[in-house]
Amino acid sequence: MSDHHKGDGSGVETFDARSPSRRRFLKSMGASGLAAATAPAWAQIAQAGQSQAEPVEPRDDGAPAEGEQQIRLTVNGVEHTLNVTPNAVLLDVLRDRLELTGTKKGCDQGQCGACTLLVNDTAINSCLSLAVSHDGDEITTIEGLSNGDDLHPVQAAFWEHDAYQCGYCTSGQIMSAVAILNDDNIGSDDASVREAMSGNICRCGAYKNILAAVQDARGRMKGAS
Amino acid sequence: MHNFDYARADSTRQAVSSHGPDKQAAYLAGGTTLLDLVKIDIMRPEQVVDINRLDLKRIETLNDGRTRIGALVTNTALARDERIASDYAVLSEALLSGATTQLRNKATTAGNVMQRVRCPYFRDGVSNCNKREPGSGCAAIEGHNRSVHAVLGTSEHCIATHPSDMCVAMAAIGATITVEGPEGQREIDFLDFHLLPGDTPEREHALKPGELITHVTLDAPLDNSRSHYLKLRDRASYQFALASSAVIVTLEGDTITDARVALGGVGTRPWRAHEAEAALKGQKATEATFQKAAGIAFKSATPYAHNAFKIPLGQQAIVRNLTTLTA
């Protein structure tokens, strides 16, 4: 996945260190309390931007309890040793145990694609995956795409093309796009991209901009590699 | 999702012994059917045997010209394999017309064979459904039976279509399913694997309790044949077939010398249309020939309140496919 981090940064000028991720912003809101809440919106954003995202520390659950299985997951390059019950779903473990809430739960039945992430560089629906089945696997979530504040070319293209409205499907859309742009078997024409992305449903109907973003990112990734 | 005991198998033999002949156990491959149905409480395994680490991920060309596919070859890997794409285009096309990129990345060859019906009355957990609760009746027969309900092979107890595209192509190609079970290994003809609902719609396939599919072996491709999968559906992608056809033909001049026809979206199992094939062999490749064969393929069809359109649609799926292939 290292190629993804070689973006030259072109076209991402609007996104600098003061622009917080939504998650970082919300965390900061929780911590800074009323004073921040009464400040103007721009000041809140500036303040929030001063705090850095907390790095995800390696987690080690120790010895498993009865009925649990011990698994090792490498998530965005960080290895975790976790104890999970057999019915623990990969999506839920990432969100609830590792607090990586960028991956979204939509239908929870493999129908909407919001939970799409990469397992060993292949895009899959994490809602239909048992965590225990992924013992030893390398997982990349939306949180693992950017290099610090340098967005992945697909993230930058989504930003520039306004390829979302509510944003709930966006991380799944981006993860699918990253996978298909790295897959030589999938054609580069618009029809092939639409077909390859059909497993990611956008209820807001931002498909036109999503397609434009994916095609734009194709050029950026080619230029970067 | 309800909990279960979990065992990860390192060998086929270990998988079979972990599963045992107990019906409350389930093999887990890609999980796209099993975990979906466990989450909505339609399947309730007490024991899940994870077979994902088994050495069943290869596609091999055998000396006799057949192609042996490991149970765990994903739908993506099978569709993209160069030998499959060139020698069995119909199979590659069928696979790529099914589900979505990320589901095909998970779904396996054996799992696709084993997928359950998409009838909403089966999945809702409350309606009468003889597959889910044998003897309770079939809500689909008098209910909303437009999209995932069959006109061929139905019974008064069940009318759900088999949802697979891959299996329709395999039915046309011809194949053998190899299984390993408590009593050892055996082979099942692909066309005998999926059962008609008849009086026992809860019995969907020929596996005995505890048996595990290890391989699907495709018959050797017909010499100088051309093949195509045509899928007709309510939207352009990510939708089950209303009607589909898998057709393989060989031609000498404008005469059809051999033909294989199988249908999806219209039958309670992947539907091989032998009589339609007989009506094509030795005939000129004309629209009149195609129309006649298509009529024969549906002569035993039974329409229901909302799916009578599938009879002309299915016939069109045959005619258009043959027209494309012989042009």
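Every value quoted in this text rests on a predicted model; they were computed, and no experiment measured them.

Rules behind the numbers
- Residues numbered from 1 in each chain as written.
- Chains lettered and ligands numbered in written order.
- Predicted model: local features only at pLDDT ≥ 70, side-chain atom pairs only at ≥ 80, totals over all residues.
- Heavy atoms only, no water.
- pLDDT = per-residue confidence, 0-100.
- Helix = DSSP H or I, 4+ residues; strand = E, 2+ residues; numbered from the N terminus.
- Buried < 20%, exposed > 50% of the residue type's maximum accessible area, 1.4 Å probe, protein only.
- Lys, Arg positive; Asp, Glu negative; His and termini not counted.
- Salt bridge = Lys/Arg side-chain N within 4 Å of Asp/Glu carboxyl O.
- Polar contact = N/O pair within 3.5 Å; in protein donor to acceptor, adjacent residues only side chain to side chain.
- Pairing = 2+ DSSP bridges.
- Contact = heavy atoms within 4.5 Å.
- Axes fitted to C-alpha atoms, helices over the stretch in contact; angles between N-to-C directions.
- Buried area = accessible area lost by both parts, 1.4 Å probe.
- Nonpolar A, V, L, I, M, F, W, Y, C, P; charged D, E, K, R; others polar.
- Core = buried A, V, L, I, M, F, W, Y, C linked by side-chain atoms within 4.5 Å.
- Right-handed = clockwise from strand over helix to strand, strands pointing away.

What should I look at first to understand the confidence of the model for chain B in this one?
Close inspection of predicted coordinates is inappropriate for parts of the model with low pLDDT. With 100% of its residues at a pLDDT of at least 70, chain B reaches an overall mean of 97. The secondary structure element of chain B with the lowest average pLDDT is helix 1 (residues 12-19) of chain B, at 96, and the one with the highest is helix 10 (residues 166-173) of chain B, at 99.

In this structure, what is going on with the side chain of Arg260 of chain B? I would like to understand it.
Residues and elements named next belong to chain B. Among the secondary structure elements, Arg260 is positioned in strand 11 (residues 255-264). Comment: no salt bridge for buried Arg260; closest opposite-charge side chain is Asp258, at 4.8 Å. A distance of 3.3 Å separates the side chain of Arg260 from the backbone oxygen of Ala172, its partner in a polar contact.

Would you mind showing me how to read unusual backbone geometry here?
Note: most peptide bonds trans; most residues except glycine with negative phi. Even without glycine at this site, Asp41 of chain B takes up a positive phi of about 65°. Within the element layout of this structure, Asp41 of chain B appears in the loop between helix 2 (34-39) and strand 3 (47-50).

Looking at this structure, how should I read the sheet that holds strand 9 (residues 226-232) of chain B?
Pairing between the strands of a sheet comes from backbone hydrogen bonds, and it takes one of two forms, parallel or antiparallel. All names here are of chain B. A sheet is described by the order of its strands in space; here four strands give the open sequence 9-10-11-12, paired in antiparallel fashion. On the outer flanks of this sheet lie strand 9 and strand 12 (271-272), each paired with one strand and no other. Here strand 9 runs beside strand 10 (residues 243-252); their pairing, made up of seven bridges, is antiparallel. Bridge pairing links Lys231 to Ser244 in strand 10. With respect to the sheet, helix 14 (residues 310-326) is in contact with strand 9, strand 10 and strand 11, its orientation differing from that of strand 10 by roughly 35°.

Even after reading the chapter, I still don't get the interface of chain B and chain A, so can you show me in this structure?
Interface extent is often summarised as the accessible area lost during association of the parts. Between chain B and chain A, the residue contacts involve 31 residues of the former and 33 residues of the latter. For the pairing of chain B and chain A, the buried interface totals around 2,500 Å² over both sides, and the portion due to carbon and sulfur atoms is 47%. Here chain B is connected to chain A by two salt bridges. For Lys39 of chain B, the salt bridge is made with Asp108 of chain A, and the minimal N-O distance between the two is 2.8 Å. If you look at where chain B meets chain A, you find 21 residue pairs in polar contact (both at pLDDT 80 or more). Mapped by element, the contributors of at least two residues to the side of chain B that touches chain A are strand 1 (5-8), helix 2 and helix 6 (101-106) of chain B. Looking at the side of chain B that touches chain A, the element that brings in the most residues is helix 6 of chain B, giving six residues. Partitioned by chemical class, the residues of the side of chain B that touches chain A number 10 nonpolar, 11 polar and 10 charged.

What should I look at first to understand the nonpolar core in this one?
Looking at soluble globular proteins, one finds that nonpolar side chains tend to be buried together. Ranked by internal contacts, the top residues of the largest apolar core, which has 48 residues, are Ile51, Leu78, Leu91, Val113, Met170 and Leu218 of chain B. The element best represented in this core is helix 10 of chain B, accounting for eight residues. In contact with Ile51 of chain B, not counting residues within four places along its chain, are Ala15, Tyr27, Leu28, Ala29, Leu72 and Leu212 of chain B. Counting 33 residues, the second largest nonpolar core, distinct from the first, contains Leu91 and Val119 of chain A together with Leu35 and Val48 of chain B.

It is not clear to me how helix 5 (residues 89-96) of chain B should be interpreted in this structure. Could you clarify?
Side chains of residues three or four places apart in an α-helix project in the same direction, reflecting 3.6 residues per turn. The buried fraction of helix 5 of chain B amounts to six of the eight residues, a majority that puts the element mostly inside the structure. Regarding helix 5 of chain B, the residues found buried are Ala89, Val90, Leu91, Ser92, Ala94 and Leu95 of chain B.

When you look at the pairing of strand 10 of chain B in this model, what are you seeing that I'm missing?
One face of the sheet, then the other: side chains in a regular strand alternate in exactly this way. All names here are of chain B. When you tally the buried positions in strand 10, you get eight out of 10 residues, the bulk of the element. Bridging between strand 10 and strand 11 involves nine bridges; their strand directions are antiparallel. Looking across to strand 11, one finds that Leu251 is bridged to Ile256. What sits between the antiparallel neighbours strand 10 and strand 11 is a turn of two residues, in which Gly253 has the positive phi angle 65°.

Would you mind showing me how to read the pairing of strand 2 (residues 25-28) of chain B here?
Residue and element names in this part refer to chain B. Judged by which residues are buried, strand 2 turns out to be covered on both faces: Ala25 and Tyr27 on one side and Ala26 and Leu28 on the other are all buried. Looking at chain direction, strand 2 and strand 3 are connected through four bridges and run parallel. Looking across to strand 3, one finds that Ala25 is bridged to Gln47. Regarding the hand of the β-α-β motif, the stretch spanning strand 2, helix 2 and strand 3 is right-handed.

Even after reading the chapter, I still don't get the pattern of salt bridges, so can you show me in this structure?
When the charged atoms of two side chains with opposite charge come close together, those side chains can pair. Counted under the stated rule, the structure contains 28 salt bridges over all chains. For Arg220 of chain A, the salt bridge identified is with Asp216 of chain A, shortest N-O distance 3.0 Å. Note that Arg220 of chain A and Asp216 of chain A are positioned in helix 7 (residues 207-224) at a spacing of four residues, about one turn of the helix. Take Arg220 of chain A: its relative accessible area is 16%, and that puts it in the buried class. Of the charged contacts in the structure, one is a salt bridge between Arg58 of chain B and Asp55 of chain B, with a shortest N-O distance of 2.9 Å. Given a relative accessible area of 45%, Arg58 of chain B falls into the partly exposed group. One network of salt bridges, in which partners are shared, links Asp92, Lys105 and Asp108 of chain A together with Lys39 of chain B.

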